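So you can see what is in the structure, the chains are spelled out below.
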Amino acid sequence: MSEQLWNLFGGNYRQNCLSWHHSAHNPVIPASGNTWRSVWVANPDVLTFNGKQLLYYRGNGIQPNTDGKRHDRLGVAEIAGLTRDTIALRDLNDGEPIVDVGGPDEFDGKDVLDPSVIAFEGRVFVYYSAIGAGPDCVGLAVSEDGVHFNKVGNIMEGRAPAVIVKDGHVYMIYQLLQNNGYRLYLARSRDGIHFEQVSDQPIFEGTPGNWDALSIVTARLMKDGDSYYMMYGGSSYLADEPDFFGLARSTDLLHWEAHPGNPIFGCGAMGQEDGGAIWFPALLETEDAFVILYEGSRGKYSWDISSQICMASIPKA
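Below you will find a few notes about this structure.

Calculation rules
- Residues numbered from 1 in each chain as written.
- Predicted model: local features only at pLDDT ≥ 70, side-chain atom pairs only at ≥ 80, totals over all residues.
- Heavy atoms only, no water.
- Phe/Tyr/Trp six-rings, centres within 6.5 Å; stacked < 30°, edge-to-face > 60°.
- Helix = DSSP H or I, 4+ residues; strand = E, 2+ residues; numbered from the N terminus.
- Buried < 20%, exposed > 50% of the residue type's maximum accessible area, 1.4 Å probe, protein only.
- Lys NZ or Arg CZ within 6 Å of the ring centre and 35° of its normal.
- Pairing = 2+ DSSP bridges.
- Core = buried A, V, L, I, M, F, W, Y, C linked by side-chain atoms within 4.5 Å.
- Contact = heavy atoms within 4.5 Å.
- Polar contact = N/O pair within 3.5 Å; in protein donor to acceptor, adjacent residues only side chain to side chain.
- Salt bridge = Lys/Arg side-chain N within 4 Å of Asp/Glu carboxyl O.

Where two aromatic rings form a pair, the distance of their centres and the angle of their planes describe that pair. Considering all chains together, one arrives at 16 aromatic pairs under this definition. On the numbers, 6.1 Å between centres and 65° between planes, the contact of Trp-6 with Tyr-229 is edge-to-face. Residue Trp-6 is found in helix α1 (residues 2-8), and its partner Tyr-229 is found in strand β15 (residues 227-235); the two are separated by 223 residues along the sequence. Accessibility expressed as a relative area gives 2% for Tyr-229, which makes it buried. Their ring planes at 65° and their centres at 5.2 Å tell us that Phe-265 and Tyr-294 sit as a pair that is edge-to-face. Here Tyr-294 lies in strand β20 (residues 289-297) and Phe-265 lies in strand β18 (residues 265-266), a separation of 29 residues in the sequence. Taken together, the ring pairs in this structure connect Phe-9, Trp-20, Phe-245, Phe-265 and Tyr-294 into an aromatic cluster. Over the face of the ring belonging to Trp-40 we find Arg-70, whose NZ or CZ atom lies 4.9 Å from the ring centre.

Moving on, we get to the sheet that holds strand β13 (residues 196-197). In a beta sheet, neighbouring strands are held together by backbone hydrogen bonds and run either parallel or antiparallel to one another. A sheet is described by the order of its strands in space; here four strands give the open sequence β10-β11-β12-β13, paired in antiparallel fashion. Bordering the open sheet on either side are β10 (159-166) and β13, each of which pairs with just one other strand. Relative to strand β11 (residues 169-178), β10 is paired through six bridges, and the arrangement is antiparallel. Its bridge partner lying in β11, Arg-159 is registered against Gln-175.

This part takes up the pairing of strand β9 (residues 149-157). The pairing of strand β8 (residues 137-143) with β9 spans seven bridges and is classified as antiparallel. Counterpart to Val-142 in the pairing with β9 is Asn-150. Following β8, the chain reverses through five residues before pairing antiparallel with β9; Gly-146 in that reversal takes a positive phi of roughly 85°.

Time to look at the nonpolar core. The biggest cluster of nonpolar side chains holds 20 residues, and the ones touching the most others in it are Tyr-56, Val-99 and Phe-149. Of all elements in the fold, only β2 (40-49), β3 (52-62), β4 (70-82), β6 (111-120), β7 (123-131) and β8 reach the threshold of two or more residues within this core. In terms of residue count, β7 provides more of this core than any other element does, four residues in total. Residues within four places of Phe-149 in sequence aside, it is in contact with Tyr-56, Ile-98, Val-99, Val-124, Val-126, Ala-141, Val-142 and Ser-143. Ranked by size, the runner-up nonpolar core spans 19 residues in total, among them Trp-6, Phe-9, Ile-278 and Ile-314.

Next up on the list: the sheet that holds strand β19 (residues 277-285). Judged by pairing direction, the sheet is antiparallel, and its four strands sit side by side in the order β1-β21-β20-β19 without closing on themselves. The open sheet has two edge strands with one neighbour each: β1 (21-22) and β19. Sheet topology note: the β19/β20 ladder contains seven bridges and is antiparallel. Across the sheet, the residue bridging to Ala-277 is Ser-297, located in β20.

All right, on to the side chain of Asp-243 then. Tracing the chain through its elements places Asp-243 in the loop between β15 and β16 (244-250). Looking at Asp-243, its side chain comes within polar contact range of the side chain of Tyr-237, at 3.4 Å. What Asp-243 contacts, discounting residues up to four positions off in sequence, is Gly-234, Ser-235, Tyr-237, Phe-265, Gly-266, Cys-267, Ile-278 and Lys-300.

Attention now goes to the pattern of salt bridges. Applying the stated criterion to the full structure yields 17 salt bridges. Of the charged contacts, one joins Lys-300 and Asp-243 as a salt bridge, the two residues approaching to 3.3 Å between their closest N and O atoms. With Lys-300 in the loop between β20 and β21 (308-315) and Asp-243 in the loop between β15 and β16, this residue pair connects regions lying 57 residues apart in the sequence. Neither residue differs from the other here; Lys-300 and Asp-243 are each classed as buried. The network of salt bridges with common partners includes Arg-58, Asp-72 and Glu-295.

What follows is the structure in structure tokens.
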């Protein structure tokens with residue numbers, strides 16, 4: 001399906017961005033209640049496992065039995081219905097987090113966020129950004145059923161993992177901060193736990209003077225035929241508040257071709273639920289349209305950060 005999406009876009013970025021319909025129901029998955037996800041709901045990723053389409057995401061809320069401390073944690077729901085404009089979910093694990101923060105002195109003692117999920121050797125591996133003691137890193141938890149997870153631990157330094165299986169290996173694209181902006185790097189693993197660098201140089205970075213000049217962030221990976229596709233956020237002036245999504249493709253995950261019509265998607269109008277910044281485009285499809293779920297915010301960190309999950313669609317024809 002990714003090749004078909006690639007071919008929908010021409011060389012005019014304005015026309016490409018305007019081709020999408022931002023759902024009138026945004027945010028389609030809002031923060032809610034007096035729960036672990038009462039403040040933010042964000043970072044969507046989707047996996048089909050054991051016949052179910054599963055949505056993994058981040059929630060942020062007040063941690064119980066504290067003096068108001070907030071933490072990011074991971075949850076999962078089953079996608080029960082999808083249209084071009086709406087999504088229906090069924091909470092799993094009784095609506096409780098599937099991966100929680102660790103102790104105050106642990107690598108993920110403050111926040112767990114940015115899930116990226118694969119099925120590997122019959123199990124579900126969820127990689128996530130871990131914030132806590134030491135540098136920001138990638139953590140891992142593993143599940144037999146996609147719902148109940150056991151932590152493996154700190155895998156490697158980095159943030160915002162995007163994982164895919166290729167030739168029996170797990171490949172991970174992740175971001176590191178350099179020169180006030182993020183660049184994407186690539187690592188691989190035979191067992192999904194022990195990773196080695198594929199290249200000591202960035203595999204993907206912005207173009208000077210372009211829409212993504214300063215920072216490339218929050219990639220999502222897909223495979224179609226012999227090619228791999230990546231959707232990602234970019235900004236010319238902010239490190240981690242992307243305005244647009246771009247599209248790129250590769251045959252080896254190391255060398256990438258950016259779509260000549262990038263960016264292919266942009267923030268909503270000022271004041272809309274996704275009018276300030278967008279992250280983590282997760283691609284789905286209906287019979288007649290491609291759909292993306294993504295984290296959207298009304299404003300920027302400095303004045304109205306409001307991360308919730310939004311939706312947009314584009315006709316396949």
